[in-house]
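# An overview of the molecular structure
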Amino acid sequence: MREELLEQLQTWHEEDEYEQIVQAVMDVPAEERDYELISHLGRALNNLERYDEAVEQFLTVAEEGQDDPLWHYRIGLAHYYLERYDEARTAFENADRLDPGDEDTLEFLGWIAEKTAEGETGGEEAAQEAAAPGAAEATKPEAEHIAAAPVAFEGDFDAAGFWDDGNPAAEKYVSAPPTDALIESVEESLVFRLPAFYVNLMKVHNGGIPRNRYFRSESGETVEILGLMGIGREKPHSLCGAAGSRATIEREGYPEFGVVLCDTPSDAGVVMLDYRESANDGEPEVVYVEKASKKVTRLAPNFEAFVHGLTGGAQS
């Protein structure tokens, strides 16, 4: 019976049915949940972005997990997205000690180094500002996101009105506008140069949920997207985040000819930039890749045409 449950949990994981995993494990009496079941539960909670609950579960088997690099990696991931960088660093260092050279572990350690360096710099600047004459009078609350520099778009495209910021799920996607250094770093990680129109759009509003989320392909097929990934690493649904392009390609076996930009309802497939024809010097096409069959459907000749082609509802 237990082996059947473990096989089912793994199947659900491969199908991204994380809620099913949580429910099935929680249905097992607490005293019967062993290390393997808790590992499945914690991983599913991480994938659902329920990081506090994941940490709580992982800690219940902390003693058994001390020699397991995956235990350290998974609790480190939860700490990272909870912005507990010291705990995350310790966990990832232990994971690296037990499984040296793992690329994902080293990548998280690099991100943590960047985050803590930014925090130290910010603290020094804040101290200098506080010491300046009249600093108390000049201090004002900061906005949640850094103000974006103005970007001009051709035609009547309304970059600000493109987004549905009232959608509760938008928070998973939206980051502060990217700096040139971050754009370069993300492109280096992806090994692809991002289209200029996409970069300019992200400089105005970095990721989110468009108001219009339907696109009709040249073959008459209508594709619905959930959101558009931004440039960054912090948010799970950013290009280099935990649910971003590289992670999605590696987890689901999508073709490595480009960059995943959009996820879809029920995780049926993804919208990608396809660089096969353009290479890195040209404008990549936008395609839809079905998850089950990996069938590729061309949507638009470039990202700008894709954005302009989005509509507010499915077309018959």
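Residues numbered from 1 in each chain as written. Predicted model: local features only at pLDDT ≥ 70, side-chain atom pairs only at ≥ 80, totals over all residues. Heavy atoms only, no water.

### So, the overall build of the protein
Counting secondary structure elements, the protein contains 13 helices and seven strands. Per-residue burial over the protein gives 44% buried out of 316 residues. If you take every contact in the protein between residues at least 6 apart in sequence, the share linking residues at least 24 apart comes to 57%. Of the accessible surface of the protein, which amounts to about 16400 Å², a share of 49% is contributed by carbon and sulfur atoms. (Helix = DSSP H or I, 4+ residues; strand = E, 2+ residues; numbered from the N terminus. Buried < 20%, exposed > 50% of the residue type's maximum accessible area, 1.4 Å probe, protein only. Contact = heavy atoms within 4.5 Å. Areas by Shrake-Rupley, 256 points an atom, 1.4 Å probe, with all protein chains shown as cover.)

### With respect to helix H4 (residues 51–59)
Restricting attention to buried positions, one finds in H4 the residues Tyr 51, Ala 54, Val 55, Gln 57 and Phe 58. Down the axis, H4 shows its buried residues gathered within 165° of arc, on one side only. In H4, the exposed positions that point more than 90 degrees away from the buried face belong to Glu 56 and Leu 59. Turning to H4, the residues buried within the fold contact helix H3 (35–47), helix H5 (62–65) and helix H6 (69–81). (Arc of directions from axis to C-beta.)

### Some remarks on the sheet that holds strand S5 (residues 269–274)
Reading across the sheet, the five strands line up as S3-S4-S5-S6-S7 and stay open at both edges, with antiparallel pairing between neighbours. The open sheet has two free edges, formed respectively by strand S3 (227–228) and strand S7 (296–300), since each of these has just one partner strand. Pairing between strand S6 (residues 285–290) and S7: four bridges, direction antiparallel. Note that in S7 the partner of Val 287 across the bridge is Arg 298. Lying on the sheet, helix H12 (residues 245–252) is in contact with strand S4 (258–263) and S5; it crosses S4 at an angle near 95°. (Pairing = 2+ DSSP bridges. Axes fitted to C-alpha atoms, helices over the stretch in contact; angles between N-to-C directions.)

### A short note on the environment of Leu 299
Among the secondary structure elements, Leu 299 is positioned in strand S7. A relative accessible area of 3% places Leu 299 in the buried class. As a C-alpha pair, Leu 299 and Met 272 span 27 residues in sequence and 9.6 Å in three-dimensional space. With residues near it in sequence (within four places) discarded, Leu 299 still touches Phe 215, Ser 217, Val 223, Val 271, Val 286, Val 287, Tyr 288 and Phe 306.

### Focus: H3
With 13 residues, H3 should reach 18 Å at 1.5 Å per residue; the first-to-last C-alpha distance of 18 Å fits that figure. The element H3 is extensively covered by neighbouring structure, given that eleven of its 13 residues are classed as buried. Among the residues making up H3, those that are buried are Tyr 35, Leu 37, Ile 38, Ser 39, His 40, Leu 41, Gly 42, Arg 43, Ala 44, Leu 45 and Asn 46. A positive phi of about 65° marks Glu 49, the residue just after H3. (Expected span 1.5 Å × (residues − 1).)

### Describing the pairing of S4
Summarising burial for S4: six of the six residues are buried, a large majority. Where S3 meets S4, two bridges bridge the pair, whose relative direction is antiparallel. Across the sheet, the residue bridging to Leu 228 is Cys 262, located in S4. The sheet contact formed by S4 and S5 spans five bridges and is antiparallel. From the neighbouring strand, Asp 263 faces S5, where its bridge partner is Val 270. The hairpin formed by S4 and S5 contains five residues between the paired strands, and Ser 266 there has a positive phi angle of roughly 60°.

### Let's talk about unusual backbone geometry
Non-glycine residue Val 191 carries a positive phi angle of around 65°. Here Val 191 lies in the loop between helix H10 (180–190) and helix H11 (196–204). Its relative accessible area of 57% is what places Val 191 among the exposed residues. Backbone geometry places Lys 294, a non-glycine residue, at a positive phi of 65°. Mapped onto the secondary structure, Lys 294 falls in the loop between S6 and S7.

### Topic: the pattern of salt bridges
It is possible for side chains of opposite charge to pair when their charged atoms get near one another. Under the defined criterion, the tally for this structure stands at 22 salt bridges. Between Lys 203 and Asp 180 there is a salt bridge whose closest N-O contact spans 3.6 Å. Placement of Lys 203 in helix H11 and of Asp 180 in helix H10 is noted, with a sequence separation of 23 residues between them. Relative accessible area serves as the criterion here: at 55%, Asp 180 is assigned to the exposed category. Here the residues in one salt-bridge network are Asp 16, Arg 251, Glu 252, Asp 267 and Lys 291, joined through shared partners. (Salt bridge = Lys/Arg side-chain N within 4 Å of Asp/Glu carboxyl O.)

### Brief notes about the environment of Asp 267
Here Asp 267 is to be found in the loop between S4 and S5. Sequence separation between Asp 267 and Glu 17 is 250 residues; the distance between their C-alpha atoms is 9.5 Å. Not counting chain neighbours up to four residues away, the residues in contact with Asp 267 comprise Asp 16, Glu 252 and Lys 291. In this structure the side chain of Asp 267 is engaged in a polar contact, spanning 2.9 Å, whose partner is the side chain of Lys 291. (Polar contact = N/O pair within 3.5 Å; in protein donor to acceptor, adjacent residues only side chain to side chain.)

### What about the packing of H3 against H6?
It is the contact of H3 with H6, at a shortest axis distance of 10 Å, that shows an interaxial angle of 30°. What the angle tells us is that H3 and H6 run roughly parallel. Of the two elements, H3 crosses H6, and the hand of that crossing is left-handed. Facing H3, whose interface residues are Tyr 35, Ser 39, Arg 43 and Asn 46, H6 presents Trp 71, Arg 74, Leu 77 and Ala 78. Of the residues contributing to the contact of H3 with H6, the split by class is four nonpolar, two polar and two charged. (Parallel < 35°, antiparallel > 145°, perpendicular 65-115°, else oblique. Left-handed = near helix turned anticlockwise from the far one by under 90°. Nonpolar A, V, L, I, M, F, W, Y, C, P; charged D, E, K, R; others polar.)

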